[in-house]
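The lines below spell out each chain.
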Amino acid sequence: MNSYEEAMAGIESGMTVIAGGFGLCGIPENLIAEIKRRRVKDLTVYSNNCGVDGFGLGLLLEDRQIGTIHASYVGENALFEQQMLEGEIEVVLTPQGTLAEKMRAGGAGIPAFYTATGYGTPIGEGKEVREFGGRHYILEESVVGDFAIVKGWKADRYGNVVYRDTAQNFNPLAATAGKITVVEVEEIVEPGELAPDQIHTPGIYVDRIIQGNFEKRIEKRTVHQG
C-alpha cells in the first residue's frame with residue numbers, strides 16, 4: 001500500500017474491527033489514526049484494551065466512533081471509564097485468554113469453543129454449559145472481523161510478517177481473524193530476506209501491508225527513587 005488511506009479503504013460505519021496490541025505495545029497506531037480520520041461510527045471493536053486518553057484506540061473514543069468494545073480491562077483510560085459508566089459505550093469485559101481464543105478460533109474456522117473460564121460468574125450468564133471430566137465449561141463464540149488491524153516489525157512483499165518481542169501479544173491472533181487483514185510494519189524487505197522459521201504470520205492471512213513510522217509511547221512510567 002502506498003498510503004494509509006488506501007490501506008483502510010472500504011471500512012464503513014457499523015463494521016467489526018479486531019485490533020492487535022496489548023496496552024500500547026504493538027498497537028497499529030497509524031491504522032487507528034486513519035480510522036479516526038475517516039470518522040466512521042458505531043464500530044464494534046475487539047481488543048485487549050482501549051489504549052489511553054488521546055492515543056491508540058483512545059483516539060476513537062473522542063468522537064464516539066466505538067459503539068461496542070470487547071476487551072479484557074479498562075486500563076489507563078479515563079475517557080473509556082467515563083463513557084462506560086455513563087452508558088455511552090457498550091463494554092463487554094472478556095477474560096484475556098477467552099478473548100485471545102475467540103480470535104484464534106475465528107481465524108481457524110472454528111465457530112465456538114468451550115472454556116472453564118467464567119463459569120459461575122456474570123461472564124457465563126446466559127451461555128450454554130456442558131460438563132467434561134467432572135468440570136463445567138461455558139460455550140464461547142469465536143469472532144471474525146470485517147477488518148483486522150495489526151502492527152508488525154518486518155514483513156516481505158508477500159505479506160509474511162515478523163513481530164518483535166512482546167508485540168507478539170494479540171497481533172498474530174488478530175491477523176488470522178479478519179476478512180480483510182491490514183498490517184503496518186517498520187520495514188518491508190524483499191522475499192527471501194526473512195528466514196522461514198522467523199515468520200510468525202504467513203502471508204496467506206494478510207491482504208494489505210504498509211510501512212510506517214511509529215511513536216511507540218510508554219503507557220505508564222514508573223520512577224524508582226533510591
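Here goes a summary of the coordinates provided. (Residues numbered from 1 in each chain as written. Predicted model: local features only at pLDDT ≥ 70, side-chain atom pairs only at ≥ 80, totals over all residues. Heavy atoms only, no water.)

The helix and strand tally for the protein chain stands at six helices and 13 strands. In terms of C-alpha radius of gyration, the protein chain reaches 18 Å, essentially the compact-globule figure of 17 Å for 226 residues. Dimensions of the protein chain, computed from C-alpha atoms along their principal axes, come out at roughly 50 × 50 × 40 Å. In the protein chain, the proportion of contacts linking residues at least 24 apart, taken out of those at least 6 apart, comes to 72%. As displayed, the protein chain has an accessible area near 11100 Å², and 47% of this comes from carbon and sulfur atoms. In the protein chain, 21 side chains carry a positive charge and 32 a negative one; their mean positions are 1 Å apart. (Helix = DSSP H or I, 4+ residues; strand = E, 2+ residues; numbered from the N terminus. Rg over C-alpha atoms; globule rule 2.2 N^0.38 Å. Contact = heavy atoms within 4.5 Å. Areas by Shrake-Rupley, 256 points an atom, 1.4 Å probe, with all protein chains shown as cover. Lys, Arg positive; Asp, Glu negative; His and termini not counted. Charge placed at Lys NZ, Arg CZ, Asp CG, Glu CD.)

Right, let's talk about the sheet that holds strand S7 (residues 135–141) for a bit. Strand order in the open sheet formed by three strands is S5-S7-S6, with antiparallel pairing between adjacent strands. Looking at the sheet topology across the chains shown, the edges are occupied by strand S5 (112–115) and strand S6 (129–132). Direction aside, neighbouring strands of the sheet carry axes that sit 35 degrees apart on average. Sitting on the sheet, helix H5 (residues 96–107) touches S5 and S7, and the angle it makes with S5 is about 150 degrees. (Pairing = 2+ DSSP bridges. Axes fitted to C-alpha atoms, helices over the stretch in contact; angles between N-to-C directions.)

If you trace the three strands from one edge of the open sheet to the other, you get S10-S9-S12, paired in mixed fashion. Of all the strands in the sheet, just strand S10 (161–162) and strand S12 (187–189) have a single pairing partner and so form its edges. Inspection of the sheet shows strand S9 (residues 154–156) paired to S12 by three bridges, in the parallel sense. Paired with Lys 154 across the bridge in S12 is Glu 187.

This paragraph deals with the nonpolar core. Buried together is how nonpolar side chains tend to be arranged in soluble globular proteins. Met 8, Ile 35, Leu 43, Ile 66, Ile 69, Phe 80 and Ile 149 are the most contacted members of the largest nonpolar core, which totals 29 residues. The set of elements that each furnish at least two residues to this core consists of helix H1 (4–7), strand S1 (16–19), helix H2 (29–38), strand S2 (43–46), helix H3 (58–62), strand S3 (66–71), helix H4 (78–85) and strand S8 (145–151). Residue contacts for Ile 35: discarding those within four places in its chain leaves Met 8, Ile 11, Val 40, Leu 43, Leu 60, Gln 65 and Ile 149. (Core = buried A, V, L, I, M, F, W, Y, C linked by side-chain atoms within 4.5 Å. Buried < 20%, exposed > 50% of the residue type's maximum accessible area, 1.4 Å probe, protein only.)

This part takes up unusual backbone geometry. Only a minority of non-glycine residues have a phi that is not negative, and only a minority of peptide bonds are not trans. Residue Asp 42 is not a glycine yet carries a positive backbone phi of 55 degrees. As for its position among the elements, Asp 42 is in the loop between H2 and S2. Given the relative accessible area of 53%, Asp 42 is considered exposed. Look at Asp 165: it is not a glycine, yet its phi comes out positive at around 50 degrees. Mapped onto the secondary structure, Asp 165 falls in the loop between S10 and helix H6 (171–176).

Okay, the packing of aromatic side chains next. With the rule as written, the count across this model stands at three aromatic pairs. An angle of 75 degrees between the planes, with centres 5.6 Å apart, marks the rings of Phe 132 and Tyr 137 as edge-to-face. Since its relative accessible area comes to 21%, Tyr 137 is described here as partly exposed. Members of the aromatic cluster, joined through ring pairs, are Tyr 114, Phe 132 and Tyr 137. Taking NZ or CZ as reference, Lys 151 lies 4.6 Å from the ring centre of Phe 214, over its face. The aromatic ring of Trp 153 is capped on one face by Arg 164, whose charged end is 5.7 Å from the ring centroid. (Phe/Tyr/Trp six-rings, centres within 6.5 Å; stacked < 30°, edge-to-face > 60°. Lys NZ or Arg CZ within 6 Å of the ring centre and 35° of its normal.)

Attention now goes to H5. Under the 1.5 Å per step criterion, the end-to-end length of H5 is 17 Å for 12 residues, consistent within 8% with the ideal 16 Å. Thr 98, Leu 99, Ala 100, Lys 102, Met 103, Ala 105 and Gly 106 are the residues of H5 that are buried. Looking at the buried positions of H5, the neighbouring elements they touch are S1, S2, S3, S5, S7 and H6. Backbone geometry just after H5 places Gly 109 at a positive phi near 80 degrees. (Expected span 1.5 Å × (residues − 1).)

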